[in-house]
Amino acid sequence: MREYQKKYIANLQEVIRLNSAPPEVPQDVAAFVKERGSRKARLREIAKENTAMLRQHLFPLLDDIVSAGNEDIAHLEDFAAHLVQGADRLDLVLSYHLHNALLAYARQVGNRDMLIRELYATAMDLFYMQDLLQYTGHSPYRLKMGMLFGEAASYIKQYDEIQNTDTRGYIHRSMANLALVYSNLNEEDGRRKMAAIRRSLQILEDPVYHEKTPDLPWELFIYKSHQERTTGLGLLRAGMDDPQILQEVMVSAEYVIDRQKELSKKHGSAPALRWRYAYEAAQYHCGVRPLSYLLEWMEDAYMDRDEDDYSNEGFYQNMFLPALYAHYVNSNPEYAAKKKEVMGLMYRRMTAYARRMPGNHQMSESTLKCLLACLQTFVEYPDGILEKDFIIELVICRDPDAYVSSRMAAEIAMMMVDQALEIRPQALEGALGCHTPETLRARREELRKFVFEGCILHNVGLLALGNLVRRIGRSWLEEEIEIFQYHVHIGQSMLAQGSSTQPYIPAALGHHSFYDGSAEGYPQGYGRQDDPNRSLTDFIFAAIYFMRITDNWVFYAQDSRSLDEALELIRNESGKRLSPEAVQVMWGLKPALGEYLKNGLLAAYQEAFQLLQG
């Protein structure tokens, strides 16, 4: 790699360290908050340095890639490989830009081996970008990903002309990965996904290809394809009942569990629970077993867990299995009442499991991933654990920096409610169905609680993108801004699951929208007029915006405003981005806001870490 590329990689590794949640809950929160300022300053320095290096050395080369020399190309290929090393995708979107440029170069010079390799690598980057949006229902990268995988797979027609074993491997991988393009759980995508796996397996299992390229890991290719086909269980859970697909899922589930048993016998361990579940679920969906049997099997598997096991298998058993169980309960209303006690037990024990976990797991990516999966299938009972409490007490605090920003906004929003009730109650007209100053004041605590919870929950969707956001150590690229904007849809999806969180959907969906509906805000589908509590939501938006411009951790390369600068900017946004009523109320709080900003940061971090410790 060139020297600037080595420096860029080193800087990214430092960004990950600086921008990650602490491995353990800090004992001295005040020292942690003090050190936070130096972390933020260093992150700003790195972002400026990395951006300058890319603008000076890399982007001009990518813009004229066809003129690059062999040495430049070799360094770019090495650089791209380091950007996505192992499970640590240091810079996914820049990797995509590099591979896209190398792909253009391969086309221009007619290097077929390089072309196939870059088709595959570029498509894989798009897949990981698309995977970040799995909770949104949007697929902005799917078409190009499919075209790239499809083009690479089409070289199967020239297989005999291609002598390079690795290149042949990329052809087979691309053919198999066409199934990844069809991620939506609908009939059209389902049929295409299963057809892609079917075609790939026909070739992977053909002995002619084994003879032509004996050095390829054929058994592994076939095993991975069967594992991918078991994901067709998602289609079956969504209601698809095509006999051929049912049979294929069952065949693959049996294939995988048999292979798991072989490996388990060899290593003296039990088959992984996820594949045991896949086999049992396939039997249910194929009509071999009734739902009652599957649920009982899942209950037994759950009760057999080790409550102190924080390995990947332990996480699956203690946290992910309840999410799958909840899906079946949610999808079959007749079981909702029957399984109330079981769901309550699972959620209580999951809560205890999360509370008890060692400090180095409290804020881990695995923990957050499992908790977010639970939100997608959360079963809420009025006298049980409410989804909003589950999110506030167990989920949002996993990212202390994000929690702090939301918690401080919540305090400001409650101050705004108090201020409005005292001097301008008309600013809250219609909130919680109240239309007179007397009824509004009588429900002060409910109004305060609403804006508090709205602020805390508004950014829950961003938690699903944290792994991307925490790795950006430069100016953001267009694709990153696009992906980031989908966090409002992720939040909407998560809050739609429970009745306790549904009132806060407008806060999650619309907190980047503009009061006047202008195109500068997003998403364009947000409708303020449809929110019955829009006056409260307006207060939430104003408080969130105030924190965004005075202490922005996500876009740390941007300057933070002083109190006077922030309030002046907010005044200028009156009637545009923000509600005039909310702006007027906030301006009346200037002295109180100044006082709160002095001490609020420490208090919010203390609260975040207290939530983690239970």
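Summary of the structure given here. (Residues numbered from 1 in each chain as written. Predicted model: local features only at pLDDT ≥ 70, side-chain atom pairs only at ≥ 80, totals over all residues. Heavy atoms only, no water.)

**Details of the overall build of the protein**
Then comes step 1: Each helix and strand in the protein was counted, giving 31 helices and 0 strands.
Then comes step 2: For the protein, whose C-alpha radius of gyration is 26 Å, the value lies close to the compact-globule estimate of 25 Å for 614 residues.
Then comes step 3: For the C-alpha atoms alone, the extent of the protein along its principal axes is close to 85 × 65 × 45 Å.
Then comes step 4: In the protein, which comprises 614 residues, the proportion classed as buried is 55%.
Then comes step 5: In the protein, the share of contacts with a sequence separation of at least 24, taken over all contacts with a separation of at least 6, comes to 71%. (Helix = DSSP H or I, 4+ residues; strand = E, 2+ residues; numbered from the N terminus. Rg over C-alpha atoms; globule rule 2.2 N^0.38 Å. Buried < 20%, exposed > 50% of the residue type's maximum accessible area, 1.4 Å probe, protein only. Contact = heavy atoms within 4.5 Å.)

**Thoughts on the packing of helix α17 (residues 340-356) against helix α20 (residues 387-395)**
Then comes step 1: Where α17 meets α20, the closest approach of the two axes is 11 Å, and the angle between their N-to-C directions is 15°. Judged on the interaxial angle alone, α20 and α17 are roughly parallel. You can see that α17 and α20 cross each other, and the crossing is left-handed. Taking contact as the criterion, the partners of Met350, Thr351, Ala354 and Arg355 in α17 are, on α20, Phe390, Glu393 and Leu394.
Then comes step 2: Its residues placed into classes, the contact of α17 with α20 shows 4 nonpolar, 1 polar and 2 charged. (Axes fitted to C-alpha atoms, helices over the stretch in contact; angles between N-to-C directions. Parallel < 35°, antiparallel > 145°, perpendicular 65-115°, else oblique. Left-handed = near helix turned anticlockwise from the far one by under 90°. Nonpolar A, V, L, I, M, F, W, Y, C, P; charged D, E, K, R; others polar.)

**Remarks on a negative patch on the surface**
Then comes step 1: Together, Glu219, Glu254, Asp258 and Glu262 make up a negatively charged patch on the protein surface.
Then comes step 2: Take the negative patch: its biggest share by element is 3 residues, from helix α12 (residues 243-267).
Then comes step 3: Note that Glu262 resides in helix α12. (Patch = residues over 30% accessible without salt bridge, like charges linked within 9 Å, V, L, I, M, F, W, Y side chains within 5 Å. Areas by Shrake-Rupley, 256 points an atom, 1.4 Å probe, with all protein chains shown as cover. Salt bridge = Lys/Arg side-chain N within 4 Å of Asp/Glu carboxyl O. Lys, Arg positive; Asp, Glu negative; His and termini not counted. Charge placed at Lys NZ, Arg CZ, Asp CG, Glu CD.)

**Details of empty space enclosed by the protein**
Then comes step 1: Under the counting rule described, the total for this entry stands at 3 cavities of 30 Å³ or more.
Then comes step 2: Taken as a whole, the largest cavity encloses approximately 60 Å³ of empty space.
Then comes step 3: Lining the largest cavity, in full, are Ser513, Phe514, Tyr515, Tyr526, Arg528, Asp538, Phe541, Arg577, Leu578 and Ser579.
Then comes step 4: In terms of residue class, the lining of the largest cavity is made up of 5 nonpolar, 2 polar and 3 charged. (1 Å grid on protein atoms, 1.4 Å probe; cavity = no way out; pocket = protein on both sides within 12 Å on 5 of 7 lines; lining within 4 Å. Points joined across faces, edges and corners; volume = space filled by probe spheres on them.)

**As for the environment of Arg289**
Then comes step 1: Mapped onto the fold, Arg289 is located in the loop between α13 (273-285) and α14 (291-303).
Then comes step 2: In this view, Arg289 contacts Gln283 and Tyr284; residues no more than four positions away in its chain are not counted.

**Remarks on the environment of Glu453**
Then comes step 1: Positionally, Glu453 belongs in helix α23 (residues 444-457).
Then comes step 2: Overall, the relative accessible area of 5% leaves Glu453 in the buried class.
Then comes step 3: In this structure the C-alpha to C-alpha distance between Glu453 and Pro503, which are 50 residues apart in sequence, comes to 9.9 Å.
Then comes step 4: In contact with Glu453, not counting residues within four places along its chain, are Lys388, Ile392 and Tyr504.
Then comes step 5: A distance of 2.6 Å separates polar atoms of two side chains, one belonging to Glu453 and the other to Tyr504. (Polar contact = N/O pair within 3.5 Å; in protein donor to acceptor, adjacent residues only side chain to side chain.)

**Observations concerning the environment of Gly137**
Then comes step 1: Mapping Gly137 onto the fold places it in the loop between α5 (112-131) and α6 (142-153).
Then comes step 2: We classify Gly137 as exposed; its relative accessible area is 60%.

**Section: helix α8 (residues 187-204)**
Then comes step 1: A rise of 1.5 Å per residue sets the reference length of α8, with its 18 residues, at 26 Å; its end C-alpha atoms lie 26 Å apart and thus fit the reference within 8%.
Then comes step 2: Where α8 is concerned, the buried positions are Asp189, Gly190, Lys193, Met194, Ala195, Ala196, Ile197, Ser200, Leu201, Ile203 and Leu204.
Then comes step 3: Packing partners of the buried residues in α8 comprise α6, α7 (165-177), α9 (207-212), α10 (218-230), α11 (233-237) and α12. (Expected span 1.5 Å × (residues − 1).)

**Observations concerning unusual backbone geometry**
Then comes step 1: Cis geometry marks the peptide bond from Tyr522 to Pro523, where omega comes out at -5°.
Then comes step 2: Mapped onto the elements of the fold, Pro523 is located in the loop between α27 (505-510) and α28 (534-550).
Then comes step 3: At Leu432, a position not held by glycine, the phi torsion is positive, near 55°.
Then comes step 4: You can see Leu432 is positioned in the loop between α21 (400-423) and α22 (437-442).

**Considering the packing of aromatic side chains**
Then comes step 1: Within the structure shown, the criterion is met by 21 aromatic pairs.
Then comes step 2: Between the aromatic rings of Phe378 and Phe390, the centroid separation amounts to 5.1 Å while the plane-to-plane angle is 55°, which identifies the pairing as tilted. Here the residue Phe378 occupies a position in the loop between α19 (365-376) and α20, and Phe390 occupies one in helix α20, the gap between them amounting to 12 residues.
Then comes step 3: The buried category is assigned to Phe378, whose relative accessible area is 1%.
Then comes step 4: Through a chain of ring-to-ring contacts, the aromatic side chains of Tyr4, Tyr8 and Phe79 assemble into a single cluster.
Then comes step 5: The ring of Tyr209 has Lys212 lying over it, and the distance from NZ or CZ to the ring centre is 5.4 Å.
Then comes step 6: The residue whose ring lies beneath Arg289 is Tyr293, and the NZ or CZ to ring-centre distance is 4.1 Å. (Phe/Tyr/Trp six-rings, centres within 6.5 Å; stacked < 30°, edge-to-face > 60°. Lys NZ or Arg CZ within 6 Å of the ring centre and 35° of its normal.)

**Comments concerning the packing of helix α2 (residues 29-63) against helix α31 (residues 590-613)**
Then comes step 1: Between α2 and α31, the least distance of the axes is 10 Å, while the angle of their chain directions is 120°. Taken together, α2 and α31 sit at an angle that is classed as oblique. Between α2 and α31 lies a crossing of right-handed hand. Each of Val29, Ala30, Phe32, Val33 and Arg36 in α2 lies in contact with α31, whose residues at this interface are Leu601, Leu602, Tyr605, Gln606 and Phe609.
Then comes step 2: Grouping the constituent residues of the contact of α2 with α31 by class yields 8 nonpolar, 1 polar and 1 charged.

**Quick word on the nonpolar core**
Then comes step 1: Membership of the largest hydrophobic core comes to 213 residues, with the highest contact counts inside it found for Val395, Met416, Leu428 and Phe546.
Then comes step 2: Looking at which element gives the most residues to this core, the answer is α21, with 13 residues.
Then comes step 3: Residues in contact with Phe546, not counting those within four places in the same chain, are Ile412, Leu563, Ala566, Leu567, Ile570, Met586, Leu593 and Leu597. (Core = buried A, V, L, I, M, F, W, Y, C linked by side-chain atoms within 4.5 Å.)

**Quick notes on the side chain of Arg470**
Then comes step 1: With respect to the element layout, Arg470 can be found in the loop between α24 (466-469) and α25 (478-485).
Then comes step 2: The class for Arg470 is buried, based on a relative accessible area of 17%.
Then comes step 3: Here Glu365 takes part through its side chain, which lies 3.1 Å from a polar atom of the side chain of Arg470.
Then comes step 4: Setting aside residues no more than four positions away along its own chain, Arg470 makes contact with Val15, Ile16, Asn19, Ser20, Glu365 and Asp399.

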